[in-house]
Amino acid sequence: MQLKSRHLLGLEGVCQEDITLILDTAESFKKVLDRPIPKVPTLRGKTVANLFFEPSTRTRFSFELAEKRLSADSVNFSKVGSSVAKGETLKDTARNIEAMKINFVVMRHSAPGAPHFLSQCLDSVVINAGDGAHEHPTQALLDMMTLRNCFQSLKGLKVVIVGDIEHSRVARSNIYGLLTMGANVGVCGPATLIPREIKALGVTVYPGIEEAMKEADVLNVLRIQLERQKEALFPSLREYRNLFGITRERLDRVNRRITIMHPGPINRGVELDSDVADGDYSVILSQVTNGVAVRMAVLYLLDGGRQKLEGDDHGN
Ligand code: CP
């Protein structure tokens, strides 16, 4: 069982067969995580460097847990407190860490394409944990795993991504992955935050949230990036909430179940109200749980997927 690519840099161009292999493998690892001792020796002897040049809670924590559950050794890099402050380049930082004999680099960076660049300078396997507004492939994989758990199949499912599509790596990876898996994808948000070329990908654009909610099986609600508000891409947070916020009142008006997702962190009371985020239709914490299993599957498969999976043993 092997993926076609040596690295996971994005979901653009990743085929249905590989996405299905990752999601199926993640289901096996999810069973491991439910055991009294949730650990397998699959990556014993392998070392992972987690290079986080940008803040993260969920992605960083779940990669670290995935590595521990697979018995890999891991080392963690944060930009703050590193020699980057002394002017060291990304290439030098990564090559110096690799010289200490590592096998995988998991990387988050604000520059789109940074993991792709590293994959050309290093011998290690590189996994993109989010690069600027480009891609966040493991987030989209855990989103698809969560949807498969709810709906069995992604084919024909209507998923609408709501919010700042223009600046969202989560949106981009979800669009590539979901379309490949046969889902219908829509986007909804202020016109200033919807890329002009998005329709060419085969995505439906909904100018209004009511119209989107009439058709959606799933709303994947994105964080409004408050730090971008200085660019005046929409008039105010209050207006954003009035026009696009997912409120209990709006859900009640639709009068049928719409599954609610959010990659986190949530701005409660802006893009999503608390009673919806914590309500019966929300799968937000299942997304987080599935993140560990998906990242175990990605690490395992990029290591060559050599150990047997029978009985979900993963090398036991
Ligand atoms: N979903 C996500 O990427 O969250 P973090 O920024 O906390 O990793």
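What you see is a predicted model, and the numbers here were worked out from it, not measured in a lab. (Residues numbered from 1 in each chain as written. Predicted model: local features only at pLDDT ≥ 70, side-chain atom pairs only at ≥ 80, totals over all residues. Heavy atoms only, no water.)

S.K.: What is the right way to read the sheet that holds strand β9 (residues 259–261) from this model?
M.R.: Strand pairing in a sheet relies on backbone hydrogen bonds, with the paired strands running either antiparallel or parallel. A sheet is described by the order of its strands in space; here 5 strands give the open sequence β7-β6-β5-β8-β9, paired in parallel fashion. Edge positions in the sheet fall to β7 (204–206) and β9, since each of these pairs with one other strand and no more. Neighbour-to-neighbour, the strand axes of the sheet open up by a mean angle of 25°, direction not taken into account. Of the pairings in the sheet, the one linking strand β5 (residues 158–162) to strand β6 (residues 184–188) comprises 5 bridges and is parallel in character. Looking across to β6, one finds that lysine 158 is bridged to asparagine 184. (Pairing = 2+ DSSP bridges. Helix = DSSP H or I, 4+ residues; strand = E, 2+ residues; numbered from the N terminus. Axes fitted to C-alpha atoms, helices over the stretch in contact; angles between N-to-C directions.)

S.K.: Which parts of the structure should I look at to understand the site of the ligand?
M.R.: Taken together, Ser56, Thr57, Arg58, Thr59, Arg108, His136, Gln139, Pro263 and Gly264 make up all the residues around the ligand. Within the contact set of the ligand, an oxygen atom lies 2.8 Å away from a backbone nitrogen or oxygen of threonine 57. Taking threonine 59, its side chain carries an N or O atom lying 2.6 Å from an oxygen atom of the ligand. Surface burial for the ligand is 90%, taken as the share of its 250 Å² of free accessible area covered by protein chains. (Near = heavy atom within 4 Å. Polar contact = N/O pair within 3.5 Å; in protein donor to acceptor, adjacent residues only side chain to side chain. Areas by Shrake-Rupley, 256 points an atom, 1.4 Å probe, with all protein chains shown as cover.)

S.K.: Before we go on, may I ask you to explain the packing of helix α2 (residues 58–69) against helix α11 (residues 284–302) in this structure?
M.R.: Think of two packed helices as two axes; the pair is described by the angle between the axes and how far apart they sit. For the pair α2 and α11, the least separation of the axes is 8 Å and the interaxial angle reads 55°. Classified by the angle between their axes, α2 and α11 sit oblique to one another. The handedness of the crossing between α2 and α11 comes out as right-handed. Residue-level inspection shows Arg58, Thr59, Ser62, Phe63, Leu65, Ala66, Glu67 and Arg69 of α2 in contact with α11, the latter providing Val288, Gly291, Val292, Arg295, Met296 and Leu299. Residues of the contact of α2 with α11, tallied by class, amount to 7 nonpolar, 3 polar and 4 charged. (Parallel < 35°, antiparallel > 145°, perpendicular 65-115°, else oblique. Left-handed = near helix turned anticlockwise from the far one by under 90°. Contact = heavy atoms within 4.5 Å. Nonpolar A, V, L, I, M, F, W, Y, C, P; charged D, E, K, R; others polar.)

Any functional reading would require information beyond the geometric quantities listed.
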